[in-house]
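Residue-level listing of the chains:
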Amino acid sequence: MHRLFPYITCLLVLCADVAQAQSRAQIEAQFQEWLTQEIWPEARTRGVSRATFEQAFDGVRLNWDLPDLVVPGQAAATPKKQRQAEFGSPGRYFNRGSVDGATSVGRQMARTHAEILRRVEKETGVPGRIILGVWGRESGYGRVAIPHNAFEVLGTKGFMSRRAAFFRGELLAALQIAEAGHADGVRLRSSWAGALGQPQFMPSNFLKFAVDGNGDGKADIWRSEADTIASIARYLQEHGWVEGRDWGFEVQVPASVSCALEGPDQGQRISAWEAMGITRVSGRPFPEHERTDEGFLMMPAGRNGPAFLVTPNFYVLKDYNTSDLYALFVGHVGDRIQFGVGDFSAPWGQVGGLYRSDVAAMQAALVEMGHDVGGVDGLPGFKTRRSIGRWQEATGQVPTCFPEAAMKAQLEK
């Protein structure tokens, strides 16, 4: 009888594969019906023609390789490991290749597109170096391939993902973009999340902020550098960029100043931070016009890395991508492009690398103690960092304001 076991095992595996294939075929049929019965009627009310709709979904099938899918009839799984660089060790985000590449190509782009950068800066108040920093981070100045069919991505995620309602709206916006002909007949390409073109706009943001930078009557963020530059600037302007202010300054924070003072809701005049002993690492004074305005302490690795006093413009950059490290990268690369600054003065410590589930467990323990961590999501944002610092202070520890493996056991006692 034992000789039959391998054959029985193979048969069971084959049956499982067949069942999965049948299940996927059924779900695919549901997807096609969803497009026809739900998406088309709403698209039509938004002015999308049947011809545009059919062209958009010609050959489109569900993409089962996309992350964060919730298959109909199955429970959503919680990812154990973080997938994006922002969730790992902060220092990895500023690896040599990324920083140097964005800087060197950015300087070339600054020369090549000097005229449009000057014009857009005059119109919007957004510095050219900041536009270049965003452009470089989002798509390598248009040199990074944008691999996906936007309708496949947005259709899949609108039909079965954790944020299906959000992606459904983005799918409809993408159809409006196609109807208007902005992509000039080219099939819309996107990231795995559905972001479009060189600025990596979600479709709804394209409809709000994409502009014609070269006067040809189209907002072509796929192939036009001028349109890309103008669109990034418009986005930042409309999100509140304060003309004349910097994004921030690297600073030295004495031990007498708690790292738990971090956050955009604990701002004070930069002159007040100065009075507490915070100084620029360059040794230069803060610009006089900045000293009288509000600044915010930002320590993305707690005491394990560089510290910054940032302005409201830093949080405008976070509106583009909700990551402290993203906003910091953009500002830093922009400064390197225009001013030739070097690396941050303080080194990044060897922290991070935790599972999101471990960080989430620490957050849950802090919430039980009454702390506001900004959500139990496994991501060490500023509310989590300062909550850790406050807990450390309350328990007689030296505050470091960043999750570390040894804290998990302490917090769960």
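Residues numbered from 1 in each chain as written. Predicted model: local features only at pLDDT ≥ 70, side-chain atom pairs only at ≥ 80, totals over all residues. Heavy atoms only, no water.

### As for the overall build of the protein
Working step 1: When helices and strands are tallied, the protein shows 16 helices and 7 strands.
Working step 2: The C-alpha extent of the protein, read off along each of the three principal axes, is 75 × 70 × 35 Å.
Working step 3: Within the protein, the proportion of its 413 residues that are buried is 49%.
Working step 4: Restricting the contact set of the protein to residue pairs at least 6 apart, pairs at least 24 apart contribute 69%. (Helix = DSSP H or I, 4+ residues; strand = E, 2+ residues; numbered from the N terminus. Buried < 20%, exposed > 50% of the residue type's maximum accessible area, 1.4 Å probe, protein only. Contact = heavy atoms within 4.5 Å.)

### Let's talk about the packing of helix 3 (residues 96–112) against helix 5 (residues 128–139)
Working step 1: Two numbers describe how helix 3 lies on helix 5: the axes approach to 10 Å, and their chain directions differ by 125°. By the angle between their axes, helix 3 is oblique relative to helix 5. Once helix 3 is placed against helix 5, the crossing between them reads as right-handed. Contacts between helix 3 and helix 5 involve Ser-98, Gly-106, Met-109 and Ala-110 from the former and Leu-132, Trp-135 and Arg-137 from the latter.
Working step 2: Tallied by class, the residues present in the contact of helix 3 with helix 5 amount to 4 nonpolar, 2 polar and 1 charged. (Axes fitted to C-alpha atoms, helices over the stretch in contact; angles between N-to-C directions. Parallel < 35°, antiparallel > 145°, perpendicular 65-115°, else oblique. Left-handed = near helix turned anticlockwise from the far one by under 90°. Nonpolar A, V, L, I, M, F, W, Y, C, P; charged D, E, K, R; others polar.)

### A word on the packing of aromatic side chains
Working step 1: A complete count under the given rule lists 25 aromatic pairs for this structure.
Working step 2: Look at Phe-94 and Phe-344: their rings are 5.5 Å apart centre to centre, the planes differ by 70°, and that puts the pair in the edge-to-face class. Residue Phe-94 is located in the loop between helix 2 (50–56) and helix 3, and its partner Phe-344 is located in the loop between helix 13 (324–339) and helix 14 (356–368); the two are separated by 250 residues in the primary sequence. No difference in accessibility class separates Phe-94 from Phe-344, as the two residues are buried.
Working step 3: Note on Phe-206 and Trp-222: the rings are 5.7 Å apart at their centroids and 45° apart in plane angle, and the pair reads as tilted. Note that Phe-206 is positioned in helix 8 (residues 203–209) and Trp-222 in the loop between helix 8 and helix 9 (225–238), a separation of 16 residues in sequence.
Working step 4: Judged by its relative accessible area of 2%, Phe-206 is buried.
Working step 5: Members of the aromatic cluster, joined through ring pairs, are Tyr-93, Phe-94, Trp-247, Phe-308, Phe-329, Phe-344 and Trp-348.
Working step 6: When the ring centre of Phe-329 is taken as reference, the NZ or CZ atom of Arg-137 above it lies at 4.6 Å. (Phe/Tyr/Trp six-rings, centres within 6.5 Å; stacked < 30°, edge-to-face > 60°. Lys NZ or Arg CZ within 6 Å of the ring centre and 35° of its normal.)

### What to know about the pattern of salt bridges
Working step 1: For the structure shown, the criterion picks out 22 salt bridges.
Working step 2: Put simply, Arg-129 and Asp-246 hold a salt bridge, and the shortest N to O gap is 3.2 Å. Here the residue Arg-129 occupies a position in helix 5, and Asp-246 occupies one in the loop between helix 9 and strand 3 (248–252), the gap between them amounting to 117 residues. Summarising the burial analysis for this pair, Arg-129 and Asp-246 share the class buried.
Working step 3: In this structure, Arg-385 engages Glu-262 in a salt bridge whose closest nitrogen and oxygen atoms are separated by 2.5 Å. On the criterion of sequence distance, the pair formed by Arg-385 in helix 15 (residues 382–394) and Glu-262 in the loop between strand 3 and strand 4 (268–269) is long-range, its members being 123 residues apart. (Salt bridge = Lys/Arg side-chain N within 4 Å of Asp/Glu carboxyl O.)

### Let's talk about the pairing of strand 3
Working step 1: Counting buried positions along strand 3 yields 4 of 5 residues, so the element is predominantly enclosed.
Working step 2: In the sheet, strand 3 pairs with strand 5 (residues 279–280) via 2 bridges, with the strands oriented antiparallel. By the bridge assignment for strand 5, Gln-252 is matched with Thr-279. (Pairing = 2+ DSSP bridges.)

### Structural notes on the nonpolar core
Working step 1: Of all hydrophobic cores here, the largest spans 86 residues; its most connected members are Leu-175 and Leu-236.
Working step 2: With 8 residues, helix 13 is the largest single contributor of residues to this core.
Working step 3: Of all hydrophobic cores here, the second largest spans 14 residues; its members include Phe-249, Cys-259, Ile-270 and Leu-309. (Core = buried A, V, L, I, M, F, W, Y, C linked by side-chain atoms within 4.5 Å.)

### Describing the sheet that holds strand 4
Consider a sheet: its strands pair through backbone hydrogen bonds, and that pairing is either parallel or antiparallel.
Working step 1: Strand order across the open sheet formed by 5 strands is 4-6-7-3-5, with antiparallel pairing between neighbours. The open sheet has two free edges, formed respectively by strand 4 and strand 5, since each of these has just one partner strand.
Working step 2: Sitting on the sheet, helix 12 (residues 312–320) is in contact with strand 6 (294–298) and strand 7 (307–310), with an inclination near 60° to strand 6.

### Things to note about the packing of helix 5 against helix 9
Working step 1: Between helix 5 and helix 9, whose axes approach to 10 Å, the crossing angle comes to 110°. Viewed along their axes, helix 5 and helix 9 adopt a mutual orientation that is roughly perpendicular. Side by side, helix 5 and helix 9 meet where Ile-130, Ile-131, Val-134 and Trp-135 of the first sit next to Glu-225, Thr-228, Ile-229, Ile-232, Ala-233 and Leu-236 of the second.
Working step 2: Residue composition of the contact of helix 5 with helix 9, grouped by class: 8 nonpolar, 1 polar and 1 charged.

### Looking at the side chain of Thr-311
Working step 1: Summarising the element assignment, Thr-311 is placed in the loop between strand 7 and helix 12.
Working step 2: Since its relative accessible area comes to 1%, Thr-311 is described here as buried.
Working step 3: Setting aside its immediate chain neighbours within four residues, Thr-311 contacts Arg-245, Asp-246, Trp-247, Gly-248, Glu-290, Glu-294 and Phe-296.

### Some words on the environment of Val-257
Working step 1: Note on placement: Val-257 falls in the loop between strand 3 and strand 4.
Working step 2: Judged by relative accessible area, which is 1%, Val-257 ranks as buried.
Working step 3: On a C-alpha basis, the gap between Val-257 and Met-276 in space is 7.0 Å, while along the polypeptide they are 19 residues apart.
Working step 4: With near-sequence residues (within four places) excluded, Val-257 lies in contact with Met-276, Ile-278 and Arg-303.

### Topic: the side chain of Asn-304
Working step 1: With respect to the secondary-structure elements, Asn-304 resides in the loop between strand 6 and strand 7.
Working step 2: Owing to a relative accessible area of 19%, Asn-304 belongs among the buried residues under this scheme.
Working step 3: Aside from chain neighbours lying at most four places away, what touches Asn-304 is Pro-347, Trp-348, Gly-349, Val-351, Thr-400, Phe-402 and Glu-404.

### Details of the state of the cysteines
Working step 1: Summed over all chains, the structure comprises 1 disulfide.
Working step 2: The partner cysteine of Cys-259 in its disulfide is Cys-401, sulfur to sulfur 2.0 Å. Handedness here is read from the sign of the S-S torsion; for Cys-259 and Cys-401, about 80°, the answer is right-handed. Of this pair, Cys-259 sits in the loop between strand 3 and strand 4 while Cys-401 sits in the loop between helix 15 and helix 16 (405–411); the two residues are 142 residues apart in sequence, bridging distant segments of the chain.
Working step 3: By relative accessible area, which is 1% here, Cys-401 ends up buried. (Disulfide = S-S within 2.5 Å.)

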